[in-house]
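Here's the letter readout for the chains.
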Amino acid sequence: MALLKSLTLKPLVKPYTSPILMNHFFNRKSTVRSFSAAMSPPSTAVVYHQEGPPDSVTKMVEVPAVEVKENEICVKMLAAPINPSDINRIQGVYPVRPQVPAVGGYEGVGEVHSLGSAVKGFSPGDLVIPCPPSFGTWQTYVVKEQSVWHKVSKGTPVEYAATVFVNPLTALRMLEDFVDLNPGDSIVQNGATSIVGQCIIQLARIRGIRSINIIRDRAGSDEAKEKLKKLGADEVFTESQLEVKNVKSLLANIPEPDLGFNCVGGNAATLVMKFLRQRGTMVTYGGMSKKPVTVSTSAFIFKDLSLRGFWLQNLLSSAKGEECKSMIDYLLGLAREGKLTYEMELTPFKDFQTALDKSLGKLGSQPKQIIKF
């Protein structure tokens, strides 16, 4: 019988011993394997047996060793982020989510621990990421088909390798997929302090594109402005600063932007549209305020604005999915050169509950939380 020792994130509780759960959870037989079969080490994982509030339904559990089949790689995880989409999957409100019970986490980085007998092109110690991302990265050892893994340079800082897919790749594709931008052009965005926002600023600067950035009014907004300008932001405004009739009068020598990005909704989305030039395009990729995007009739009739949406999952499902590997290599190259940076906080795996509380906003505004195994 497979044994699953169940732990809360603090004290040990009574072991859970359901072989049905284990078979369903790992999609692997719990029968005894031959002594010669390659096996992973036992693992520790953050799991949830039902969807709901992440701080209530997740538990840290000990998972038995599993067989490493001939085309599989066992990876010792080094780091994995807690993304908003991870939270939404556990809550059950994200469009694509794993069947429960499930291990949390969708992206991360690890090193090859052991290989199946038919695996080629990988060696123990290689630094790898799931590409495209794959469910179940919040655990110490992950066993998946070799096709899931993409090898990256060992010189890559693990925190950037762990987080490169969901946010930096979103920033890169949005800059390239909607409007043909040239050096000297400009973009406007809200949510500029987010990881995607920080990446947009830096990737735009590399291309010679000016950026106009909108942040919410809050304590420390002046400090946030300075941080964004150090990343290369040309202009940073709080929402209250834009309560003027003609926001474009604030731009000085920056041209009206053709392209805008919205991850907030509500009034913050309206402010992005106010900056756009005639026939400009606003791309929505999030809705942090949980308020709808409202468009004035005049914006449609007289400015002929285009409103688009971006969801990374659509890119991964398209013919461009395979191209993502070269995009990831490009972004990680920038990170190694110090040309792509963003604020993160590494938290030991044993302190997962603290990292989760920070990600849920229980402890105020916090940097992106990265679990370090």
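In the nomenclature of an unreviewed UniProt entry, the protein is known as Enoyl-[acyl-carrier-protein] reductase, mitochondrial of Heracleum sosnowskyi. Quoted verbatim from the Subcellular location (unreviewed entry) field of UniProt, the annotation for the protein is "Mitochondrion". The annotation that UniProt attaches to the protein under Catalytic activity (unreviewed entry) is "a 2,3-saturated acyl-[ACP] + NADP(+) = a (2E)-enoyl-[ACP] + NADPH + H(+)".

A. Structural detail: the overall build of the protein. In terms of helices and strands, the protein carries twelve helices and 17 strands. When the 373 residues of the protein are sorted by exposure, 52% land in the buried category. Looking at the protein alone, contacts between residues at least 24 apart form 71% of all its contacts between residues at least 6 apart. When the accessible surface of the protein is totalled, it reaches about 17200 Å², and 51% of it is carbon and sulfur.

B. Geometry of unusual backbone geometry. Residues Val 100 and Pro 101 are joined by a peptide bond in cis, for which omega reads 0°. Mapped onto the elements, Pro 101 comes out in the loop between helix H3 (84–91) and strand S5 (102–103). Residue Pro 132 is bonded to the preceding Cys 131 through a cis peptide linkage, with omega at 5°. Along the chain, Pro 132 falls in the loop between strand S7 (127–130) and strand S8 (141–145). The backbone of Arg 279 shows a phi angle near 65°, a positive value even though the residue is not glycine.

C. Region of interest: the packing of helix H6 (residues 195–206) against helix H7 (residues 221–231). Interaxial distance between H6 and H7 falls to 9 Å at its minimum, and their mutual angle equals 35°. In this structure, H6 uses Gln 198, Ile 201, Gln 202 and Arg 205 to contact H7, whose residues at the interface are Leu 228, Lys 230 and Leu 231. Its residues placed into classes, the contact of H6 with H7 shows three nonpolar, two polar and two charged.

D. Local environment of a nonpolar patch on the surface. Taken together, the side chains of Val 293, Phe 300, Ile 301, Phe 302 and Leu 307 present a nonpolar region at the surface, about 480 Å² in accessible area. You can see Leu 307 is positioned in strand S15 (residues 306–309). A residue is classified by how much of its surface remains accessible, and Leu 307, at 34% relative accessible area, is partly exposed.

E. Structural context of the nonpolar core. In terms of nonpolar packing, the biggest core is built from 52 residues, with Leu 169, Met 174 and Phe 261 touching the most fellow members. Of all the elements in the fold, those that place two or more residues in this core are strand S4 (72–81), S7, helix H4 (158–163), helix H5 (168–177), H6, strand S13 (259–262), helix H10 (312–317) and helix H11 (324–336). With seven residues, H11 is the single largest residue contributor to this core. Each residue touching Leu 169, except ones within four places of it in the same chain, is listed here: Val 164, Leu 312, Leu 315, Cys 324, Met 327, Ile 328 and Leu 331. Counting residues in each nonpolar core, the second largest holds 20 residues, with Tyr 48, Val 63, Ile 82 and Ala 355 among its members.

F. Representation of the sheet that holds strand S10 (residues 186–190). Taken together, the six strands give an open sheet; going across it, the order is S12-S11-S10-S13-S14-S15, and neighbouring strands pair in parallel fashion. Single-partner strands in this sheet number two, and they are strand S12 (235–238) and S15. Put simply, the sheet's adjacent strands are angled 20° from each other on average, direction ignored. Both strand S14 (residues 281–284) and S15 contribute to a ladder of four bridges, which runs parallel. Looking at the pairing, Val 283 lines up with Arg 308 of S15. Contacts from H6 reach S10, strand S11 (210–215) and S13, with the element oriented near 170° to S10. Those strands touched by H7 are S11 and S12, and its axis lies near 160° from that of S12.

G. Molecular detail of the packing of aromatic side chains. Here the structure, examined in full by the defined rule, presents seven aromatic pairs. Judged by centre distance (4.9 Å) and plane angle (70°), the ring pair of Tyr 160 and Tyr 342 falls under edge-to-face. A residue pair is termed long-range when its members are at least 10 positions apart, and Tyr 160 in helix H4 and Tyr 342 in the loop between H11 and strand S16 (344–348) qualify at 182 residues. Accessibility expressed as a relative area gives 11% for Tyr 160, which makes it buried. Residues Phe 237 and Phe 275 carry aromatic rings whose centres are separated by 6.2 Å and whose planes lie at 20° to one another, so their mutual orientation is stacked. Residue Phe 237 is located in strand S12, and its partner Phe 275 is located in helix H8 (residues 266–275); the two are separated by 38 residues in the primary sequence. According to the relative accessible area criterion, Phe 275 is buried, its value standing at 0%. Above the plane of the ring of Tyr 106 lies Arg 89, whose end atom (NZ or CZ) is 4.0 Å from the centre. Above the face of the Phe 122 ring, Lys 151 is positioned so that its terminal group lies 5.7 Å from the ring centre.

H. Molecular detail of helix H12 (residues 352–359). Taken residue by residue, H12 has Phe 352, Ala 355, Leu 356, Asp 357 and Lys 358 as its buried positions. Buried residues belonging to H12 abut strand S2 (43–48), helix H2 (54–57), strand S3 (58–63), H3, S16 and strand S17 (368–372). Of the residues trailing H12, Gly 361 is marked for its positive phi of about 85°.

I. Seen up close, the pairing of S10. Here S10 lies mainly inside the structure; five of its five residues are buried. Taking every second residue as pointing to the same face, both faces of S10 are buried, with Ser 186, Val 188 and Asn 190 on one and Ile 187 and Gln 189 on the other. Summarising the sheet, S10 and S11 pair through five bridges and their orientation is parallel. Each residue of the ladder has a partner; that of Asn 190, found in S11, is Ile 214. The parallel pair S10 and S11, bridged by H6, forms a crossover whose chirality is right-handed. As paired elements, S10 and S13 share three bridges and run parallel to each other. Paired with Ile 187 across the strands is Leu 259, a residue of S13.

The rules behind each value
Residues numbered from 1 in each chain as written. Predicted model: local features only at pLDDT ≥ 70, side-chain atom pairs only at ≥ 80, totals over all residues. Heavy atoms only, no water. UniProt positions renumbered as here; feature names shortened; annotations may be inferred. Helix = DSSP H or I, 4+ residues; strand = E, 2+ residues; numbered from the N terminus. Buried < 20%, exposed > 50% of the residue type's maximum accessible area, 1.4 Å probe, protein only. Contact = heavy atoms within 4.5 Å. Areas by Shrake-Rupley, 256 points an atom, 1.4 Å probe, with all protein chains shown as cover. Axes fitted to C-alpha atoms, helices over the stretch in contact; angles between N-to-C directions. Nonpolar A, V, L, I, M, F, W, Y, C, P; charged D, E, K, R; others polar. Patch = residues over 30% accessible without salt bridge, like charges linked within 9 Å, V, L, I, M, F, W, Y side chains within 5 Å. Salt bridge = Lys/Arg side-chain N within 4 Å of Asp/Glu carboxyl O. Core = buried A, V, L, I, M, F, W, Y, C linked by side-chain atoms within 4.5 Å. Pairing = 2+ DSSP bridges. Phe/Tyr/Trp six-rings, centres within 6.5 Å; stacked < 30°, edge-to-face > 60°. Lys NZ or Arg CZ within 6 Å of the ring centre and 35° of its normal. Right-handed = clockwise from strand over helix to strand, strands pointing away.

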